[in-house]
Amino acid sequence: MSVDADQDDRDLEAELASPAAGQFGVPVDAVCVGCGRTRVKRASLEEMDQHPQANPTALEATDCTSFKHVCYGCQTATWWNPVAVLTGLLESDRDRGE
Ligand SMILES: [Zn+2]
């Protein structure tokens, strides 16, 4: 994988499918506070200081707190700031679950 991958040419679904995104939680686009890279991550509602019963499709990224997740750039667990809730990916998740 190239380290200088163009951020405008990202495949969000592929990033979400990668083990690096995590297996559970709401798909969000998030920025690593350590190295500044943007990646798709899964974070639970609780991790982002949201009510566990909240409707993820109604979430605003600005309401979500930063959450801890591993960063392969920093090679450690670090903090990520949500920049967008990927509701499109969330819906395809739900389709698969039914
Ligand atoms: Zn990082």
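The paragraphs below set out a description of the structure included in this document. Quick caveat, the model's predicted, so the values are computed rather than measured.

So, the overall build of the chain
On a plain count of helices and strands, the chain comes out with 2 helices and 4 strands. Order of helices (α) and strands (β) in the chain, N terminus to C terminus: α-β-β-β-β-α. Within the span of the chain, comprising 98 residues, buried residues form 32% of the whole. Excluding contacts between residues fewer than 6 apart, the proportion of contacts in the chain whose partners are at least 24 apart in sequence is 52%. Here the chain has roughly 6100 Å² of accessible surface; of this, 47% comes from carbon and sulfur atoms.

Quick look at the coordination of the zinc ion
The coordination sphere of the zinc ion, as far as protein atoms go, consists of Cys32 (SG), Cys35 (SG), Cys71 (SG) and Cys74 (SG), spread over 2.3 to 2.4 Å. Coordination at the zinc ion is tetrahedral, judged from the 4 donor atoms that bind it and the angles of 106 to 114° they form at the metal. Donor residues for the zinc ion sit on one chain with the sequence pattern C-x2-C-x35-C-x2-C. Here the residue Cys32 occupies a position in strand 1 (residues 26-32), and Cys74 occupies one in the loop between strand 3 (67-71) and strand 4 (76-85), the gap between them amounting to 42 residues.

Describing unusual backbone geometry
A positive phi angle is found at Asp49, which is not glycine, with a value near 60°. Mapped onto the elements, Asp49 comes out in the loop between strand 2 (38-43) and strand 3.

So, the side chain of Gln50
With respect to the helices, strands and loops of the structure, Gln50 is situated in the loop between strand 2 and strand 3. Classification of Gln50 as buried rests on a relative accessible area of 16%. A distance of 2.8 Å separates a polar side-chain atom of Gln50 from the backbone oxygen of Asp63.

Quick notes on the environment of Cys35
Here Cys35 is to be found in the loop between strand 1 and strand 2. Linking Cys35 and Thr78, residues 43 residues apart in sequence, is a C-alpha distance of 9.6 Å. Ignoring sequence-local partners within four residues, the contact set of Cys35 consists of Cys71 and Cys74.

Topic: the pairing of strand 1
Within strand 1, 6 of the 7 residues are buried, which leaves it mostly tucked inside the rest of the structure. With 6 bridges joining them, strand 1 and strand 2 adopt antiparallel strand pairing. Along strand 2, the bridge assignment pairs Ala30 with Arg39. Where strand 1 folds back on strand 2, the antiparallel hairpin that results is connected by 5 residues, among which Gly36 adopts a positive phi of roughly 80°.

Cut-offs applied
- Residues numbered from 1 in each chain as written.
- Predicted model: local features only at pLDDT ≥ 70, side-chain atom pairs only at ≥ 80, totals over all residues.
- Heavy atoms only, no water.
- Helix = DSSP H or I, 4+ residues; strand = E, 2+ residues; numbered from the N terminus.
- Buried < 20%, exposed > 50% of the residue type's maximum accessible area, 1.4 Å probe, protein only.
- Contact = heavy atoms within 4.5 Å.
- Areas by Shrake-Rupley, 256 points an atom, 1.4 Å probe, with all protein chains shown as cover.
- Donors = N, O, S within 2.8 Å, 3.2 Å for Na, K, Ca; no water.
- Tetrahedral: all angles 85-135°; square planar, octahedral: opposite > 155°, others 65-115°.
- Polar contact = N/O pair within 3.5 Å; in protein donor to acceptor, adjacent residues only side chain to side chain.
- Pairing = 2+ DSSP bridges.

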